[in-house]
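An overview of the molecular structure
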Amino acid sequence: QKEVEQDPGPLSVPEGAIVSLNCTYSNSAFQYFMWYRQYSRKGPELLMYTYSSGNKEDGRFTAQVDKSSKYISLFIRDSQPSDSATYLCAMKWVNTGFQKLVFGTGTRLLVSP
Amino acid sequence: GAVVSQHPSRVICKSGTSVKIECRSLDFQATTMFWYRQFPKKSLMLMATSNEGSKATYEQGVEKDKFLINHASLTLSTLTVTSAHPEDSSFYICSAPSLDEQYFGPGTRLTVT
């Protein structure tokens, strides 16, 4: 079993839709959770960074962490064509450097006008 | 946010030649940088940790003699793919941590013919 599971997609939605992206993980030692957005042929850029269970909102993006279920989500409201990209979840243990950052495979999102 | 650059963005080389990829932190110092490899529709896989002033730390299965890493200064790390072969063709991404976040370069696409 992989440490982090993520549906590779692609996930196709119309503009304005609410998008839900998810990852599950098996290692309960993970304490920090991140979502990165990666455009084609570009490096990933950090979108959201959370530590505790619950929700964190930033504009149209909401990150949700459920440590009891080992499940994290990223919600995108009012999705735009410019949101079309690959979204990678990542997580690491408490008090470790980024050497221990484990990525999901990424979900490709396509938002059509 | 902090900026990490990579050069070149794209390189095509013949089998058996060596290729050097540079990673620079533009507005901050990084004693540590990370090198990742990403295959199409796959997640980022950490190859090695580059340490300024000391030897790089390689992940299991990564040949240190093939992927030479030099962390020449607090803002520059280089990855040299020696005697490249077609199976080395991939997207190579570097990253550098700053405070509590990790910033990625735009990536280098290597094609070995």
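Cut-offs and rules
- Residues numbered from 1 in each chain as written.
- Chains lettered and ligands numbered in written order.
- Predicted model: local features only at pLDDT ≥ 70, side-chain atom pairs only at ≥ 80, totals over all residues.
- Heavy atoms only, no water.
- Pairing = 2+ DSSP bridges.
- Helix = DSSP H or I, 4+ residues; strand = E, 2+ residues; numbered from the N terminus.
- Axes fitted to C-alpha atoms, helices over the stretch in contact; angles between N-to-C directions.
- 1 Å grid on protein atoms, 1.4 Å probe; cavity = no way out; pocket = protein on both sides within 12 Å on 5 of 7 lines; lining within 4 Å.
- Points joined across faces, edges and corners; volume = space filled by probe spheres on them.
- Nonpolar A, V, L, I, M, F, W, Y, C, P; charged D, E, K, R; others polar.
- Polar contact = N/O pair within 3.5 Å; in protein donor to acceptor, adjacent residues only side chain to side chain.
- Contact = heavy atoms within 4.5 Å.
- Salt bridge = Lys/Arg side-chain N within 4 Å of Asp/Glu carboxyl O.
- Buried < 20%, exposed > 50% of the residue type's maximum accessible area, 1.4 Å probe, protein only.

1. Structural notes on the sheet that holds strand β8 (residues 76-81) of chain B
Residue and element names in this part refer to chain B. Taken together, the 4 strands give an open sheet; going across it, the order is β1-β3-β8-β7, and neighbouring strands pair in antiparallel fashion. The open sheet is flanked by β1 (4-7) and β7 (67-73), the only strands paired with a single partner. The average undirected angle you get between the axes of adjacent strands in this sheet is 20°. Strand direction decides the pairing type here: β1 and strand β3 (residues 19-25), joined by 4 bridges, are antiparallel.

2. Remarks on the layout of surface pockets
In this structure, the largest pocket encloses a volume near 720 Å³. Contributing elements (two or more residues each) for the lining of the largest pocket: β10 (102-103) of chain A together with β5 (44-51) of chain B. Broken down by element, the residue count for the lining of the largest pocket peaks at 4 residues, all from β5(B). Class assignment for the residues of the lining of the largest pocket results in 13 nonpolar, 6 polar and 8 charged. Counted as a void, the second largest pocket has a volume near 600 Å³. Every residue lining the second largest pocket is counted, 24 residues in all, and those nearest its centre are T86(A), R108(A), P40(B), K41(B) and K42(B).

3. Some points on the side chain of Q38(A)
Its place among the elements puts Q38(A) in strand β4 (residues 30-38). Side-chain polar atoms of Q38(A) contact the backbone oxygen of K42(A), separated by 2.7 Å. With near-sequence residues (within four places) excluded, Q38(A) lies in contact with G43(A), P44(A), A85(A), T86(A), L88(A), Q38(B), L44(B), F91(B) and I93(B).

4. A few points about the pattern of salt bridges
Tallied over the full model, the rule gives 5 salt bridges over all chains. Of the charged contacts in the structure, one is a salt bridge between R77(A) and E57(A), with a shortest N-O distance of 3.4 Å. With a gap of 20 residues between them, R77(A) in the loop between β8 (71-76) and β9 (85-93) and E57(A) in strand β6 (residues 54-58) connect regions that are remote in the sequence. Ionic pairing is found between E22(B) and R24(B), a salt bridge with its closest N-O pair at 3.5 Å. For E22(B), a relative accessible area of 24% translates into the label partly exposed. With a relative accessible area of 35%, R24(B) lands in the partly exposed category.

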